[in-house]
Amino acid sequence: MATAHKDEKNIKLAFFINLLFSIGEFIGGFLINSVAIMSDAVHDLGDATALGLSWFLQKFSKKEGDQKFSFGYKRFSLLGALINALILIAGSVYIFFQAIPLLFNPEHSNAQGMVWFAVAGVLLNGFAAYRLHKGKSVNEGVLTWHLLEDVLGWVAVLIVGIVLLFKDIHILDPILSIAIALFILFNVFRNLSKTMKILLEGVPQDINLDEVHSRIEKIPGVLSVKDLHIWSIDGEEHAMNVCLSVTGENLAESTATKEKVRSTISDLHIIHSTIEMDWKTQ
């Protein structure tokens, strides 16, 4: 329980850091006339949304199954990914509308302000990533890499800001903002495809259905495997339905065969399995 509480505390801290900083970025980006800062503000707002939803759903998804959701509430964690994706797509489209005209008519940006914002971005996102890196949950691990991407984005802003201090090449600002928006969209669509595959009950990416079929078929007493279905509940825990043609005639043999099947697939994170038996006498 103490570890789970610490996980939630780390996510909560990272959420407030990203939320407050993204608000500061929107204000500062407007004042120093930098669409690169504004585009990273969209990125950080998306991260804050993801962190906030993860913080909330970290608790909510632990609810056990009930009359409404017999599998439990784990799949609710996917709502965070969908909402976050919509926010980031809308924000990226907004950045494109702001940045593309500036490619043809660049405006002066406050390079010194960009540098200070970039330094703050590297430090704050780096600190949040460090705190999450100390956690042990899968959720924290995913969010850590998300924040490390932010750090790299701010390093890019810092480099452009330093260049603008010495060279009046203000087209670099809209170019960087478009690059950041494209990077955001690439990751959004990559993660969105994974989320949709789970919602559409596709076979989990880390599971080879033919290999599972072969494993089960090698169990003594199993004649054939029919109607094998594996899908994911939330991307981490999976479920399986399978019908087996087996030899034997009593309940004890049936129970033993089912235990052998569950033991054979114990490394695949399948926490719900329904195994039907079709008895064949020899």
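Each remark here, short or long, concerns the structure printed above.
Residues numbered from 1 in each chain as written. Predicted model: local features only at pLDDT ≥ 70, side-chain atom pairs only at ≥ 80, totals over all residues. Heavy atoms only, no water.

Our focus in this paragraph is the side chain of Ser273. Within the secondary structure layout, Ser273 lies in strand E3 (residues 270-279). At 2.9 Å, the side chain of Ser273 and the side chain of Arg262 are in polar contact. For Ser273, the contacting residues outside a window of four places in its chain are Met240 and Arg262. (Helix = DSSP H or I, 4+ residues; strand = E, 2+ residues; numbered from the N terminus. Polar contact = N/O pair within 3.5 Å; in protein donor to acceptor, adjacent residues only side chain to side chain. Contact = heavy atoms within 4.5 Å.)

Our focus in this paragraph is the pattern of salt bridges. Counted according to the given criterion, the structure contains four salt bridges. With its nearest N and O atoms 2.9 Å apart, the salt bridge here joins Asp267 to Arg215. Here Arg215 lies in helix H7 (residues 209-217) and Asp267 lies in the loop between helix H8 (251-264) and E3, a separation of 52 residues in the sequence. A relative accessible area of 44% places Asp267 in the partly exposed class. Note that Asp278 is salt-bridged to Lys226, the shortest N-O span being 3.1 Å. Of this pair, Asp278 sits in strand E3 while Lys226 sits in strand E1 (residues 222-232); the two residues are 52 residues apart in sequence, bridging distant segments of the chain. Judged by relative accessible area, Asp278 falls into the partly exposed class, the value being 24%. (Salt bridge = Lys/Arg side-chain N within 4 Å of Asp/Glu carboxyl O. Buried < 20%, exposed > 50% of the residue type's maximum accessible area, 1.4 Å probe, protein only.)

What follows deals with the pairing of strand E2 (residues 238-246). Burial within E2 is extensive, with eight of its nine residues counted as buried. Of the pairings in the sheet, the one linking E1 to E2 comprises eight bridges and is antiparallel in character. For Val225, the partnering residue across the bridge sits in E2 and is Leu244. Turn length for the E1-E2 hairpin, with the two strands adjacent in sequence and antiparallel, is five residues, and the turn residue Gly235 shows positive phi of about 95°. Pairing of E2 with E3, which is carried by nine bridges, proceeds in the parallel orientation. Within E3, the residue paired with His238 across the bridge is Ile270. (Pairing = 2+ DSSP bridges.)

Another aspect to go through is the sheet that holds E3. In space, the three strands of this open sheet follow the order E1-E2-E3, with mixed pairing throughout. Of all the strands in the sheet, the pair left with one neighbour each is E1 and E3. Between one strand axis and the next, the sheet turns through 15° on average, direction left out of account. The sheet strands contacting H7 are E1 and E2, and the helix crosses E1 at an angle near 145°. (Axes fitted to C-alpha atoms, helices over the stretch in contact; angles between N-to-C directions.)

Here the focus is the nonpolar core. Residues Ile37, Met114, Phe117, Trp154, Val157 and Leu176 are the most contacted members of the largest nonpolar core, which totals 19 residues. At the level of elements, helix H2 (35-60), helix H3 (77-104), helix H4 (111-133), helix H5 (138-166) and helix H6 (172-199) are the ones that each hand at least two residues to this core. One finds Val222, Ile230, Val246 and Met277 within the second-largest nonpolar core, a separate group that totals 18 residues. (Core = buried A, V, L, I, M, F, W, Y, C linked by side-chain atoms within 4.5 Å.)

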